[in-house]
2 protein chains.
Amino acid sequence: MENVLIFGHKNPDTDTIMSAIAMTNLENKKGKNAKACRLGNINKETKYALEHFNQEEPELIEGVEDGQQVVLVDHNEFGQSVDGIENAKIIRVVDHHKIGDFKTSEPIYYTAMPVGCTATIIYGMFEQEKIEIEPKIAGLMLSAIISDTLLFKSPTCTDLDIEVGHKLAEIANVDINAYGLEMLKAGTDLSDFSPAELINIDSKPYTTNGIKYQVAQVNTASIEDVLKGKTEIENAMEDFIKENNEDLFVLLITDILENNSQIIVVGNRKDIAEKAFEVNLEDNMAFLPGVVSRKKQVVPVIDKNI
Amino acid sequence: MENVLIFGHKNPDTDTIMSAIAMTNLENKKGKNAKACRLGNINKETKYALEHFNQEEPELIEGVEDGQQVVLVDHNEFGQSVDGIENAKIIRVVDHHKIGDFKTSEPIYYTAMPVGCTATIIYGMFEQEKIEIEPKIAGLMLSAIISDTLLFKSPTCTDLDIEVGHKLAEIANVDINAYGLEMLKAGTDLSDFSPAELINIDSKPYTTNGIKYQVAQVNTASIEDVLKGKTEIENAMEDFIKENNEDLFVLLITDILENNSQIIVVGNRKDIAEKAFEVNLEDNMAFLPGVVSRKKQVVPVIDKNI
């Protein structure tokens, strides 16, 4: 039996890690020899959830060999995937993001749904295969949904995410609100991150019509606190886009209690962000009321203005 | 409620037509306002199946307006889709082909599986939604599976296609072999096609690394009979690639009783076909024993040799 590697995107968040673990659990129960992997460091929120459910971290991988069988969860764009993905054998994708110039040489399994969280889709796959979800795996999947939907409050959250979240909470025997707030709060402790680390906690590259841009997001209970390091953060963003030849970097500092975001914007094409969000940047900043979702409220409007 | 148009690829075959009808039936039962369409003439095999189950043809459309909501079945490559697809709003794809530079600006539903027939995937969607399939719809879906798998004999046929085929036959109360052979034979009557029509019955364009090529297929019970018109067919193929600026045209003449194919190849890049099939063309022809599947045995090997 060949070994299948299952992983989410670089700069892993809770959905990417938990979906890799849940999908691996499902494939193994179906008789496949699969292993969950990760493409970067575990953030504090994810670490809290893994420890809560007594689950070890997936193995860190730096790249994959030619012909390696892989399953991609929570992403499909090669720029966000493992080094060597171009020559790997992708056998399955499970994702909830837009599809970005995706291409295969043979038919594969591809399951995408416009829902708040990849784990919600994986729940449906367990159901379809009539395989029961263990309480521990249910807890990890619930953590992914809480994370991606900010406790069902993000505009990306769908009725299906809420329904599946409650079913998983029952299996895992977890009080969603109490556990969810603790988990989200664990993720907002940014105290021991350097500015360069902070802008890399949850950061993704995009390319649209030749424009290369980066959108990073940090969650916090106090935007003000994060802005104390604004100059250093800006410098780190400037360094990042210089190194990566990018045109634009948007950092979302998201208040998960109030559901608003402050953005910091740097790069040659700040005009794109100003047009996209219909704001005038002051000191490279703007406040975006009600904006919490990179996927639904940030990337599409940037793309439309490129 | 907005109207959703559901259609398969240009030069429709039985799977494309039946999957559009079945998917429309499913969406309508889920409460959507959907309409099945087609992008070209119905072939004789499909006509036989539609008449057998007393189903009218989907409506012919030439293009779609900007922002029109669409569901693509049995294809994903824009070159095979409706005119105007670039500016339509694709909300769902159900397909069993390789994925070719597919791109969306927002998350959508995308369900692909490496199975023999799109209708097999749609069966699973009815199951997941717990919606019963009517006997007539089951008969149409079974026709699609028989067509795409050549009565379960094509190398693209999977265990799932066979399993679903038998379940559908039971619902539709049809003898698979007797009905299947009649349907396939109805499709091999090429007598009233001009050469230009013949090469267009089931013909698809592909672009790989800048090379544009066409692969068409006709099913027959006698390769010899078809080859009586070889010179005229070659001329029609030459005219076609000149008009469409293509580099290569491969016509598969497939013996559905013996499961072999004769190919006729024209264009500037016949060398690609020779390398791909490891043959020396004689009079632009070669015999390919056991080759019956464009998707599995023709397009991937051409792509590998471009």
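In this text, all values refer to a predicted model and were calculated from it rather than measured experimentally.

Cut-off values and rules
- Sequence order sets the numbering: in each chain, residues are counted from 1 along the sequence as written.
- For naming, the first written chain is A and the first written ligand is 1, with later ones following in the order written.
- Local features in this predicted model are restricted to residues whose pLDDT is 70 or higher, and side-chain atom pairs enter the listing and the counts only when it is 80 or higher, whereas totals over whole chains, interfaces and linings include all residues.
- With hydrogens and water stripped out, all remaining heavy atoms of the structure feed into the side-chain values.
- Should any heavy atoms of two residues lie within 4.5 Å, those residues are considered in contact.
- What counts as buried area is the accessible surface, traced by a 1.4 Å probe, that two parts surrender upon association, with contributions from both included.
- Each salt bridge in this description consists of a side-chain nitrogen of Lys or Arg and a carboxyl oxygen of Asp or Glu lying within 4 Å of one another.
- For the purposes of this entry, the term helix denotes a DSSP run of H or I that reaches at least four residues, the term strand denotes a run of E that reaches at least two, and both are numbered from the N terminus.
- Whether a residue is buried, partly exposed or exposed follows from its accessible area with a 1.4 Å probe, protein chains only, as a fraction of its type maximum: under 20%, in between, or over 50%, in that order.
- Every axis corresponds to a line fitted to the C-alpha atoms, with the helix fit spanning only the stretch in contact, and the corresponding angles, defined between N-to-C directions, vary from 0 to 180 degrees.
- Comment on the angle field: the value is read as roughly parallel under 35 degrees, roughly antiparallel over 145, roughly perpendicular from 65 to 115, and oblique elsewhere.
- Handedness of a crossing is defined here by the sense of rotation of the near helix relative to the far one, left-handed for an anticlockwise turn of less than a right angle and right-handed for a clockwise turn.
- Only Asp, Glu, Lys and Arg are considered charged in this grouping, and only Ala, Val, Leu, Ile, Met, Phe, Trp, Tyr, Cys and Pro are considered nonpolar; every other residue, Gly among them, is considered polar.
- Either an automatic procedure or a domain database provided the assignment from which the domain bounds are taken.
- Only protein atoms enter the 1 Å grid, on which a cavity is a set of points fitting a 1.4 Å probe that cannot get out and a pocket is an open set with protein on both sides within 12 Å along at least 5 of 7 lines, lining residues being those with an atom within 4 Å of a point.
- Grid points are joined across faces, edges and corners, and a volume is the space filled by probe spheres set on the points.
- Think of it this way: DSSP has to see at least two bridges between two strands before they count as a pair.

Taken residue by residue, the interface counts 23 residues in chain A and 23 residues in chain B. It is Ile99, Pro107 and Pro114 of chain A that lose the most area in chain A upon contact with chain B, and together they represent 25% of the buried surface on that side. Our enumeration of links across chain A and chain B arrives at two salt bridges. Aspartate 101 of chain A is paired through a salt bridge with lysine 103 of chain B; the nearest N and O atoms lie 3.7 Å apart.

Residues and elements named next belong to chain A. One pass over the structure, following the stated rule, counts 34 salt bridges over all chains. Notably, a salt bridge pairs lysine 35 with glutamate 59, separated by 3.0 Å at the nearest N-O pair. Remark: glutamate 59 occurs in strand β3 (residues 59-60) and lysine 35 occurs in strand β2 (residues 33-38); sequence separation between them is 24 residues. Across the salt bridge formed by lysine 47 and glutamate 51, the nearest N and O atoms sit 3.7 Å from each other. Taken together, the positions of lysine 47 and glutamate 51, both in helix α2 (residues 44-52) and four residues apart, correspond to about one turn of that helix. By relative accessible area, glutamate 51 is classed as exposed at 56%. Put simply, Glu27, Lys30, Arg92 and Glu129 are held in one network by salt bridges that share partners.

Before going further, it helps to examine the packing of helix α1 (residues 14-29) of chain A against helix α4 (residues 135-149) of chain A. All names here are of chain A. Close contact between α1 and α4 brings their axes to 8 Å; oriented N to C, the two are set at 150 degrees. Considering the angle they form, α1 stands roughly antiparallel to α4. Where α1 crosses over α4, the two elements pack in a sense that is left-handed. Seen from α1, the contacting residues are Thr14, Asp15, Met18, Ile21, Ala22 and Asn25; seen from α4, they are Ile137, Leu140, Met141, Ser143, Ala144, Ser147 and Asp148. Partitioning the contact of α1 with α4 into residue classes produces seven nonpolar, four polar and two charged.

A separate point is the domain arrangement of chain A. Residue and element names in this part refer to chain A. In terms of domain boundaries, chain A breaks down into domain 1 (4-186) and domain 2 (195-304). Placing a centre on the C-alpha atoms of domain 1 and another on those of domain 2 gives a separation of 25 Å. Between domain 1 and domain 2, the residue contacts involve 18 residues of the former and 19 residues of the latter. In this assembly, domain 1 packs against domain 2 so that about 1600 Å² is buried in total across both faces, 54% of it on carbon and sulfur atoms. When the buried area of domain 1 at its contact with domain 2 is split by residue, Asn11, Leu150 and Pro155 rank highest and sum to 33% of it. Across the domain 1-domain 2 interface, the total number found is one salt bridge. Residue composition of the side of domain 1 that touches domain 2, grouped by class: five nonpolar, nine polar and four charged.

What the largest pocket holds in volume is close to 1500 Å³. Looking at the largest pocket, it is lined by 47 residues, and the ones nearest its centre are Gly124, Met125 and Gln128 of chain A together with Gly124 and Gln128 of chain B. Elements represented by at least two residues in the lining of the largest pocket include exactly α1, β6 (109-112), α3 (118-128) and α5 (159-172) of chain A together with α1 (14-29), β6 (109-112), α3 (118-128) and α5 (159-172) of chain B. Taken together, the residues of the lining of the largest pocket sort by class into 19 nonpolar, nine polar and 19 charged. The computed volume of the second largest pocket comes to approximately 1200 Å³. Lining the second largest pocket we find 47 residues, and of these Lys98 of chain A together with Thr104, Ser105, Glu106 and Pro107 of chain B sit closest to its centre. Elements with a minimum of two residues in the lining of the second largest pocket: β7 (203-208), β8 (211-220) and α11 (294-304) of chain A together with β5 (89-95) of chain B. Sort the elements by how many residues they give to the lining of the second largest pocket and α11 of chain A lands first, with six residues. Its residues assigned to classes, the lining of the second largest pocket shows 18 nonpolar, eleven polar and 18 charged.

Now for the pairing of β6 of chain B. For a regular strand, side chains alternate in direction, first toward one face of the sheet and then toward the other. Of the pairings in the sheet, the one linking β6 of chain A to β6 of chain B comprises three bridges and is antiparallel in character. Within the sheet, the bridge partner assigned to threonine 111 of chain A lies in β6 of chain B and is threonine 111 of chain B. In the sheet, β5 of chain B pairs with β6 of chain B via four bridges, with the strands oriented parallel. By the bridge assignment for β6 of chain B, valine 93 of chain B is matched with tyrosine 110 of chain B.

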